[in-house]
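Chain and residue survey
Here are the chains, one letter per residue:
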Amino acid sequence: LAQSLLALFASSLAISLVFAIIPLCHNVVLLAVVMAVAGLAMGCIDTISNMQLVKIYQKDSAIFLQALHFFVGFGALLSPLIADPFLSDTNCILANGTANASSNLPHIRKSLLPHHPGNLSHYDLPMKGLVVTRVSYAFWIMALINLPVPIAVFFLLYKERMVPCFNGSSHPLLSADELALETRPGDKDELSTAAQRPHTAAAGHEDLFSCCQSKNFRGASFTYFAVHITGALVLFMTDGIVGEYSGFVYSYAVEEPLAVVHKVAGYLPSLFWGFITLGRLISIPVSYRMKPATMVFINVVGVLITFLLLLIFSSSVVFLFVGTASLGLFLSSTFPSMLAYTEDILQYRGCATTVLVTGAGIGEMVLQLLVGSIIHDRGSYSFLVCGMIFGCLAFTFYALLVFFHRMYPKPSAELDEASPAKAAVPEDTGQYQR
């Protein structure tokens, strides 16, 4: 826990520093390095937060994962609204002929759409002059908004007596037994006694990277690896769809045959992220009643049906908006539900979380690049065809995951005989005791 919290503190603080530095970067190489640091920090936060929720809450983790990813979607929806007032509709460099250059911007945007490279040589934009832009304020505001996060993590480290220089009189916020949601009052004494026992040699060596050690793979069946791989492939496809749809739905809408007005088409990505956020909010109470496997099945089937209908009604602007909202709802809870499902199969060791988060991140990166190049070569209709193919692959990988789940060996009889209260207490709760 100490390693995880320290990593979260460093990563969240790095994001605030990066957002404060970005407006000061006047060299593209320096900007690339700064953005790489931001990506690394966000990847650490994503992996560690998911992994720790799984380890701490185990069978109850589905609800907390849905809540976590609701805030991910809420942030993605909110941050563009914060930046929007500071974005300019005109050229940001003042020079002779700026008025004419500003009027050329809509034509240039049209020319830069994927299927119409166009010849931009006849448009005049000044490249030298007085720079007048307020976009720096958007980055600084985001840096300030994020700053309470590392402060809160540091406060948690302090209260849990994990800061080397401040191990004094502070009392922990929660003892180990209080973190188990289903602990009955009668079990608390037994749990407190058990938590105070010295760690075994094996438990003492568990750390943030324990699941990467080769000794954990010795004697593992092929279904153990198959569950990891198929789960990661499902998220590779579904998170890839999130990235490519939000990135290219605008370009698809303004092209023929839809030819949606640019300002109206600009609402599509916001609608998509808005319904992702709404879907994750709805999924919090739903996940309390419904199994993660069932939720993932509904998600992948819903994505498949939505893309099929988008293809059938590809000339309807109204259905494009309806389909965008529907797709956002079905994709919203796929990631947290898949984490909860795979970790449930693998007895909540936290290793699957790292594999799944990595697979999802690679999918979001690769599929955007792939779809962008296909749209450029084949036209805008291929955007929906690609989505349909990715949806079919996601469903196929999910079916394989269910097949390997049925083949995966069940937990030992000792675990099966344990009471529900004891089963709900994580093995790692001893980490909360000093």
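Since we're looking at a predicted model, the values are computed, not measured.

1. Brief notes about the overall build of the protein
A count of helical and extended segments in the protein gives 18 helices and two strands. Per-residue burial for the protein yields a buried fraction of 43% across its 434 residues. Sequence-distant contacts in the protein: of pairs separated by 6 or more residues, those separated by 24 or more amount to 77%. When the accessible surface of the protein is summed, it comes to about 22,900 Å², and 68% of that surface belongs to carbon and sulfur atoms.

2. Quick look at the side chain of Ser333
For Ser333, the position within the fold is in the loop between helix 13 (317-332) and helix 14 (334-345). Leaving out residues up to four positions away in the same chain, Ser333 has contacts with Gln66, Ser283, Met295 and Asn299.

3. Notes on the packing of aromatic side chains
To describe a pair of aromatic rings, you give the distance between the ring centres and the angle between the ring planes. Across all of its chains, the model carries 17 aromatic pairs by this definition. Judged by centre distance (6.2 Å) and plane angle (90°), the ring pair of Phe222 and Phe404 falls under edge-to-face. Of this pair, Phe222 sits in helix 9 (residues 222-254) while Phe404 sits in helix 16 (residues 382-407), placing them 182 residues apart in sequence. The rings of Tyr245, Tyr252, Phe272, Trp273, Phe307 and Phe383 are connected pair by pair, giving a single aromatic cluster.

4. Regarding the confidence of the model for the protein
Detailed reading of predicted coordinates is not advised where the pLDDT is low. Summary statistics for the protein give a mean pLDDT of 77 and a share of 71% for residues scoring 70 or more. Within the model, pLDDT remains below 50 along residues 108-123, and this stretch shows 29 contacts once partners closer than five positions in the same chain are excluded.

5. What about the packing of helix 2 (residues 28-57) against helix 3 (residues 61-83)?
Packing of helix 2 against helix 3 brings their axes to within 9 Å, and their N-to-C directions diverge by 155°. For the element pair helix 2 / helix 3, the angle class is roughly antiparallel. Between helix 2 and helix 3 lies a crossing whose hand is right-handed. Between helix 2 and helix 3, the contacting residues are Ser49, Asn50, Leu53, Val54 and Tyr57 on the first element and Ser61, Phe64, Leu65, Leu68 and His69 on the second. The residue inventory of the contact of helix 2 with helix 3, partitioned by class, reads six nonpolar, four polar and no charged.

6. With respect to the environment of Thr334
Note that Thr334 resides in helix 14. Looking at Thr334, the relative accessible area reads 1%, which means it is buried. Placed 42 residues apart in sequence, Thr334 and Pro292 show a C-alpha to C-alpha distance of 9.0 Å. Excluding anything up to four places from it in sequence, Thr334 contacts Leu235, Thr238, Val296 and Asn299. Here the side chain of Thr334 touches Leu331 through a polar contact of 3.4 Å, landing on its backbone oxygen.

7. Brief notes about the side chain of Ser49
Note on placement: Ser49 falls in helix 2. When its relative accessible area of 18% is taken as the criterion, Ser49 is described as buried. Within the structure, Ser49 has its side chain in polar contact with the backbone oxygen of Ile45 (distance 2.6 Å).

8. Re the nonpolar core
Counting 65 residues, the largest nonpolar core has Tyr245, Phe307, Leu320, Met338 and Phe383 as its most contacted members. With 15 residues, helix 9 is the largest single contributor of residues to this core. Taken together, domain 1 (1-90 + 133-164) and domain 2 (222-407) each give at least three residues to this core, which thus spans both. With residues up to four places along the chain from it excluded, the contact list for Met338 reads Gly231, Val234, Leu235, Val296, Leu356, Tyr398 and Leu401. Residues Leu8, Ile48, Val153 and Val163 belong to the second largest nonpolar core, which totals eight residues.

9. Quick look at helix 15 (residues 351-378)
With 28 residues, helix 15 should cover 40 Å at 1.5 Å per step; its first-to-last C-alpha distance of 40 Å lies within 8% of that length. Taken as a whole, helix 15 has its buried residues at Cys351, Ala352, Thr353, Leu356, Val357, Gly359, Ala360, Gly363, Leu367, Val371, Gly372 and Ile375. Buried residues along helix 15 sit in contact with helix 2, helix 9, helix 14 and helix 16. Gly379, located one to two residues past helix 15, shows a positive phi value of around 100°.

10. Examining unusual backbone geometry
Put simply, Glu256 and Pro257 share a cis peptide bond, and its omega is 10°. The backbone of Ala259 sits at a positive phi, close to 50°, despite the residue not being glycine. Take Ala259: it is sitting in the loop between helix 9 and helix 10 (262-265). With relative accessibility at 40%, the residue Ala259 sits in the partly exposed group.

Rules of the game
Residues numbered from 1 in each chain as written. Predicted model: local features only at pLDDT ≥ 70, side-chain atom pairs only at ≥ 80, totals over all residues. Heavy atoms only, no water. Helix = DSSP H or I, 4+ residues; strand = E, 2+ residues; numbered from the N terminus. Buried < 20%, exposed > 50% of the residue type's maximum accessible area, 1.4 Å probe, protein only. Contact = heavy atoms within 4.5 Å. Areas by Shrake-Rupley, 256 points an atom, 1.4 Å probe, with all protein chains shown as cover. Phe/Tyr/Trp six-rings, centres within 6.5 Å; stacked < 30°, edge-to-face > 60°. pLDDT = per-residue confidence, 0-100. Axes fitted to C-alpha atoms, helices over the stretch in contact; angles between N-to-C directions. Parallel < 35°, antiparallel > 145°, perpendicular 65-115°, else oblique. Left-handed = near helix turned anticlockwise from the far one by under 90°. Nonpolar A, V, L, I, M, F, W, Y, C, P; charged D, E, K, R; others polar. Polar contact = N/O pair within 3.5 Å; in protein donor to acceptor, adjacent residues only side chain to side chain. Core = buried A, V, L, I, M, F, W, Y, C linked by side-chain atoms within 4.5 Å. Domains from an automatic or database assignment. Expected span 1.5 Å × (residues − 1).

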